[in-house]
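Per-entry structural report
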Amino acid sequence: MSKPNQSRGGVGGGGASGSGNNNDVYNIVLLIVDLVMLVIKFWLTIVEEIIKMFTTRPETNVAGKFVLITGAGHGMGKEMALQYASLGAKVICWDVNEQTNSQTVKEIKQAGGSAFGYVCNVVKREDILELAGKMRKDHGFIEVVVNNAGIMPCHPLLEHNEQETRLMYDINVLAHYWMIQAFLPEMLERNEGSLVALSSCAGLFGLPNLVPYCGTKFAVRGYMAALAEELRLKNPQCNVKLTTIFPYMIDTGLCKNPRFRFPNLFKLICPKVAAASIIEAQRQGLEEAAVPRHFIAVEKVGRLLPKKAMRLINDFLDTGVDSDKH
Ligand SMILES: NC(=O)c1ccc[n+]([C@@H]2O[C@H](COP(=O)([O-])OP(=O)(O)OC[C@H]3O[C@@H](n4cnc5c(N)ncnc54)[C@H](O)[C@@H]3O)[C@@H](O)[C@H]2O)c1
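Residues numbered from 1 in each chain as written. Predicted model: local features only at pLDDT ≥ 70, side-chain atom pairs only at ≥ 80, totals over all residues. Heavy atoms only, no water.

Some remarks on the overall build of the chain
Definition in use: Helix and strand definitions follow DSSP, with helices as H or I runs of at least four residues and strands as E runs of at least two, each counted in order from the N terminus. Any two residues whose heavy atoms approach within 4.5 Å are treated as being in contact. To measure how exposed things are, a 1.4 Å probe is used in the Shrake-Rupley method; for residues, cover is taken only from the protein chains shown.
Scanning the chain for helices and strands turns up nine helices and nine strands. Over its C-alpha atoms, taken along the principal directions, the chain stretches across nearly 80 × 55 × 45 Å. Residue pairs at least 24 apart in sequence account for 69% of intrachain contacts in the chain once pairs closer than 6 positions are excluded. Counting every atom, the chain has about 18100 Å² of accessible surface; 60% of that belongs to carbon and sulfur.

Overview of the site of the ligand
Operational definition: If a single non-hydrogen atom of a residue is within 4 Å of a molecule or strand, that residue counts as near it. In the analysis that follows, any N or O atom pair within 3.5 Å is treated as a polar contact, provided that within protein one partner can donate a hydrogen and the other can accept it, and provided that, for residues neighboring in sequence, both atoms belong to side chains.
In the neighbourhood of the ligand, 26 residues make up the surrounding shell, with H74, D95, Y213, I250 and T252 lying closest. Residue M76 places a main-chain N or O atom 2.8 Å away from an oxygen atom belonging to the ligand. I250 places a main-chain nitrogen or oxygen 2.7 Å from an oxygen atom of the ligand. Bound to the protein, the ligand loses 92% of the 830 Å² it would expose on its own. Elements with a minimum of two residues in the shell around the ligand: α2 (75-86) and α6 (211-234).

A closer look at the environment of V196
Along the chain, the position of V196 falls in strand β5 (residues 194-198). Those residues in contact with V196 that lie beyond four places of it in its chain are V144, V145, V146, N147, T243, I245, I278 and Q282.

What to know about the confidence of the model for the chain
Let me state the cut-off plainly: Per-residue confidence from the predictor is given as pLDDT, running between 0 and 100.
Per-residue confidence for the chain averages 93 on the pLDDT scale, and 94% of its residues sit at or above 70. Every residue in residues 1-14 scores below 50 in pLDDT, and together they form 18 contacts with partners more than four places removed in sequence or on other chains.

See the structure below:
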């Protein structure tokens, strides 16, 4: 609904004050209509979201599409590369480690899939932008970009040195920005595509021995939420999907000293299972997805509880990661 001219009549002007009163009435009616619409849309959205929770969401087809994954040489990146390829996607594997990256590409090709490997240190912005240009030239539009490469030094904050801390932010956060700067413009131009960012449960909860790492993973959560709002407000019909992933501990070797009091309840998740869950979330266009899924609900409930009560539960569960230095 177009808003009327908000200027009010002059204080002393007779005729102007009459039109001012009309404007006031109009504005009040408009506000009431807006409020009624808000209440209706609010409840419709709540009902819609509840229904979605109990129905299977459709998944987009990735067959024949280009999917780029950073850190594809190992762990979840490798598993995602293999699984996207098995879905018919043409997978572009980026990793700083040429040997492991080539191995991923080789395995995909041996299984009859399509893959392309490139060495890239995602810390280097210029390298990312240059390689992104090459991708456009050699392959065309990249439909899905997964910001996966990450490192996780794990020890008390005062034992982290400057170099390690800076590198963590460079790889886990800043590299994501450079990737987005490289690939988002074309997605927006075409109004399609999907950006996936690996945060972590360390982006939902503050965890000891992981202070800078938690900082990087909360940063991923924050910038993805902000970017989603920026895109939505710029174009309410924006069809570029943003998906932030919050995995619990995955058995890739990244988590060197996991500690579980109840190993049957909390245990390392198999990278294959984690990769399948991430791909499902991307294909369903979910904005946020934890692995396992219910961890986001746990975090939401946890935030409602007093901090002291939450700490009692944390101490009872006694689950986390011990320092990799001792
Ligand atoms: N494993 C877990 O328990 C866990 C849990 C939550 C979130 N995550 C996140 O998931 C992502 C993948 O984790 P993972 O366990 O598969 O890790 P991983 O160590 O198994 O694999 C990471 C890959 O990234 C590559 N890489 C590292 N630095 C790079 C750089 N500068 N440029 C390009 N590639 C680089 C490595 O060579 C490696 O192939 C990370 O962002 C991690 O923080 C992992």
